[in-house]
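Chain residues, written in single-letter form:
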Amino acid sequence: MIATADTTVVGFINSSMELEYTEYKAYDGGFIELDNINKYTKKELTDILASFVNLNKEDIEVFS
């Protein structure tokens, strides 16, 4: 993974022994107001974020 202020690139060797990559451009998405961060589980926070940016919760993968 490499990153600059504007771009993050994730690269890996795929099964065809090629260097495959995905490039992510910086985009300021904003803020989601929460009552109290300690009230939410990781799954609840993931669900809130996914629904807020209009992603199907069944199609996402959480990495941390």
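Refer to the structure above for everything that follows.
Computed from a predicted structure; not experimentally measured. (Residues numbered from 1 in each chain as written. Predicted model: local features only at pLDDT ≥ 70, side-chain atom pairs only at ≥ 80, totals over all residues. Heavy atoms only, no water.)

A. Focus on unusual backbone geometry. Notably, Met-17 is not glycine yet its phi reads approximately 60 degrees, a positive angle. When you line up the elements, Met-17 lands in the loop between β2 (7-13) and β3 (19-25). (Helix = DSSP H or I, 4+ residues; strand = E, 2+ residues; numbered from the N terminus.)

B. Highlighting the layout of surface pockets. The volume enclosed by the largest pocket comes to roughly 290 Å³. Lys-42, Leu-45, Thr-46, Leu-49, Ala-50, Val-53, Leu-55, Ile-60, Glu-61 and Val-62 are the residues that line the largest pocket. In terms of residue class, the lining of the largest pocket is made up of seven nonpolar, one polar and two charged. (1 Å grid on protein atoms, 1.4 Å probe; cavity = no way out; pocket = protein on both sides within 12 Å on 5 of 7 lines; lining within 4 Å. Points joined across faces, edges and corners; volume = space filled by probe spheres on them. Nonpolar A, V, L, I, M, F, W, Y, C, P; charged D, E, K, R; others polar.)

C. Inspection of the pattern of salt bridges at higher detail. The final tally for this structure, using the stated rule, is three salt bridges. For Lys-39, the salt bridge is made with Asp-35, and the minimal N-O distance between the two is 3.6 Å. You'll find Lys-39 and Asp-35 in the same group, each marked exposed. (Salt bridge = Lys/Arg side-chain N within 4 Å of Asp/Glu carboxyl O. Buried < 20%, exposed > 50% of the residue type's maximum accessible area, 1.4 Å probe, protein only.)

D. Main features of a nonpolar patch on the surface. On the surface, Ile-32, Leu-34, Ile-37, Leu-49, Phe-52, Val-53, Leu-55, Ile-60 and Val-62 cluster together into a nonpolar patch covering about 760 Å² of accessible area. Examined against the element boundaries, Ile-32 turns out to sit in the loop between β3 and α1 (42-52). In this structure Ile-32 comes out as partly exposed when scored by relative accessible area, which is 31%. (Patch = residues over 30% accessible without salt bridge, like charges linked within 9 Å, V, L, I, M, F, W, Y side chains within 5 Å. Areas by Shrake-Rupley, 256 points an atom, 1.4 Å probe, with all protein chains shown as cover.)

E. Here's a closer look at α1. Of the residues making up α1, those classed as buried are Thr-46, Asp-47 and Ala-50. Along the axis of α1, the buried positions cluster into a sector of 100 degrees, meaning they face one direction only. Trailing α1 by a residue or two, Asn-54 shows a phi angle of about 65 degrees, which is positive. (Arc of directions from axis to C-beta.)

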